[in-house]
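Descriptive analysis of the structure
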Amino acid sequence: MSLDAQSSQPILQSYVGFDSITSQIERKLLKRGFQFNVMVVGQSGLGKSTLVNTIFASHLIESKGRTQADEPSRKTVEIHALTETIIENGVKLRLNIVDTPGYGDQVNNEGCWDTIVKYIKDQHSAFLRKELTAMRDRFIQDTRIHSCLFFISPTGHSLKPIDIVVLKKLTEVVNVIPVIAKSDSLTIEERLAFKQRIKDELIHHNIKLYPYASDEDDLQDQTLNETYQAMIPFAVVGSEQSIIVDGKPVRVRQNRWGVINVENEDHCEFIHLRNFLTRTHLQDLIETTSMIHYETFRSKQLMALKESGQAGQGH
Ligand SMILES: Nc1nc2c(ncn2[C@@H]2O[C@H](COP(=O)(O)OP(=O)(O)O)[C@@H](O)[C@H]2O)c(=O)[nH]1
Ligand SMILES: [Mg+2]
């Protein structure tokens, strides 16, 4: 088929070159870099700071238990944000870690989640305000929390009532990834039974966790998500200590009885959590935050705005 009757060249079959759009996008994205915001929630001493440092392989948060004598007991949940830029093979990732020390530390934990949920909503609200300004920036600095690591105490029994309340609140506003903290304190059988009990409780309380099913998922995505859904909550072990094995540094926890290799999947599920966060679901966590959690917030806010506007006109 030809548009030009004189020409024998099949014009529409000639190579246009739009397939290079993927590399054009890639170049642009690489220049801009990526923003990834992670929040950690859980009682003091469960290894939050240690795990984050183990995942992102640097000393992002100074790991410090509450046992230090000079540190006063925290009365309220404090929120600390910490930003670090990581570059891997030319890809720039701006990592924002939001720590929430003090959660669940009090005898009466009523309302201790308010600060955390408010923080998440405040980020959505700030983003919406920037979007709605007439002269909005081309790129809005994104502080919305893309994933929330929720630390479950390795009791081996069940979730605490407060965990259920907080999980319910959090899953409504953010992608929650629960982990069984310090899972080296449980035997393999205890860990399996604990995990199953947690899963049953989550179903019983109708708590829906990320990853959510999407129409866009192909068979490969579905299979991958099902594998992770079966594994969540990840039973993790964190460590800042490394030893050299075969010339490579390996993260380990060493005690009197032996050595736990944090990155060995026979020992714990740390490597699966790290792959999930960084290698398979990083982009989807960011997208889901924007398309589902932020969108829900945004439409509620705009509806409320519209209603108050109509009420105002009625007078
Ligand atoms: N047994 C064990 N101890 C851990 C693990 N992760 C961290 N710890 C230790 O627990 C203590 C508190 O860790 P930290 O990361 O400061 O907890 P955070 O208060 O939740 O941030 C430190 O002494 C860590 O070395 C783990 O996976 N297993
Ligand atoms: Mg900490």
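These remarks concern the structure in this document. Bear in mind the structure is a predicted one, so any value in this text is a computation, not a measurement.

Given 3.6 residues per helical turn, the α-helix brings residues three or four places apart onto the same face. Under the 1.5 Å per step criterion, the end-to-end length of helix α6 (residues 219–231) is 19 Å for 13 residues, consistent within 8% with the ideal 18 Å. Where α6 is concerned, the buried positions are Asn-225, Tyr-228 and Met-231. Along the long axis of α6, the arc covered by the buried residues comes to 120°, so they all point the same way. Within α6, the exposed residues directed more than 90 degrees away from the buried face are Leu-219, Glu-226 and Ala-230. On the buried face of α6, the contacting elements are α5 (188–204), β6 (234–235) and α7 (270–280). Capping the start of α6 is the job of one residue whose side-chain oxygen sits 3.2 Å from the backbone nitrogen of Gln-220: Asp-218.

As summarised here, the arrangement of the three strands in space is β7-β8-β9, forming an open sheet in which the pairing is antiparallel. Strand pairing shows two members of the sheet lacking a second neighbour, β7 (242–245) and β9 (258–261), which therefore form its edges. The average undirected angle you get between the axes of adjacent strands in this sheet is 50°. Pairing of β7 with strand β8 (residues 248–255) involves four bridges; the strand directions are antiparallel. For Val-245, the partnering residue across the bridge sits in β8 and is Lys-248.

Among the 16 residues in the neighbourhood of ligand 1, the closest are listed as Gly-45, Lys-48, Ser-49, Thr-50 and Asp-184. Here an oxygen atom of ligand 1 and a side-chain polar atom of Lys-182 are 3.1 Å apart. Sorting elements by how many residues they give to the shell around ligand 1 places helix α2 (residues 48–56) first, with three residues. Residues belonging to the shell around ligand 1 are distributed by class as follows: two nonpolar, nine polar and five charged.

Rules and cut-offs
- All residue numbers here refer to positions counted from 1 along the written sequence of the relevant chain.
- All chains are assigned letters beginning at A, and all ligands numbers beginning at 1, according to the order in which they are written.
- Local features are withheld for residues below a pLDDT of 70 in this predicted model, meaning they are given only at 70 or higher, and side-chain atom pairs are given and counted only at 80 or more; totals for whole chains, interfaces and linings count all residues.
- Side-chain numbers here rest on the full set of heavy atoms in the structure, without hydrogens or water.
- We count a stretch as a helix when DSSP gives it H or I for four or more residues in a row; a strand needs E for two or more, and each element gets its number in order from the N terminus.
- The length a helix should cover is 1.5 Å for every residue beyond the first.
- The rule is simple: take the accessible area with a 1.4 Å probe, protein chains only, and divide by the maximum for that residue type; under 20% is buried, over 50% is exposed, in between is partly exposed.
- By arc we mean the arc of the directions from the helix axis to the C-beta atoms, nothing more.
- We call two residues in contact whenever any of their non-hydrogen atoms come within 4.5 Å of each other.
- Any pair of nitrogen or oxygen atoms within 3.5 Å is treated as a polar contact; in protein, a donor-acceptor pairing is required on top of that, and neighbouring residues in sequence qualify only through side-chain atoms on both sides.
- What makes two strands pair is DSSP finding at least two bridges between them.
- For helices, the fitted axis covers only the stretch in contact; all axes are lines through C-alpha atoms, and the angles between them, taken along N-to-C directions, range from 0 to 180 degrees.
- If a single non-hydrogen atom of a residue is within 4 Å of a molecule or strand, that residue counts as near it.
- Put simply, Ala, Val, Leu, Ile, Met, Phe, Trp, Tyr, Cys and Pro go in the nonpolar bin, Asp, Glu, Lys and Arg in the charged bin, and everything else, Gly too, in the polar bin.

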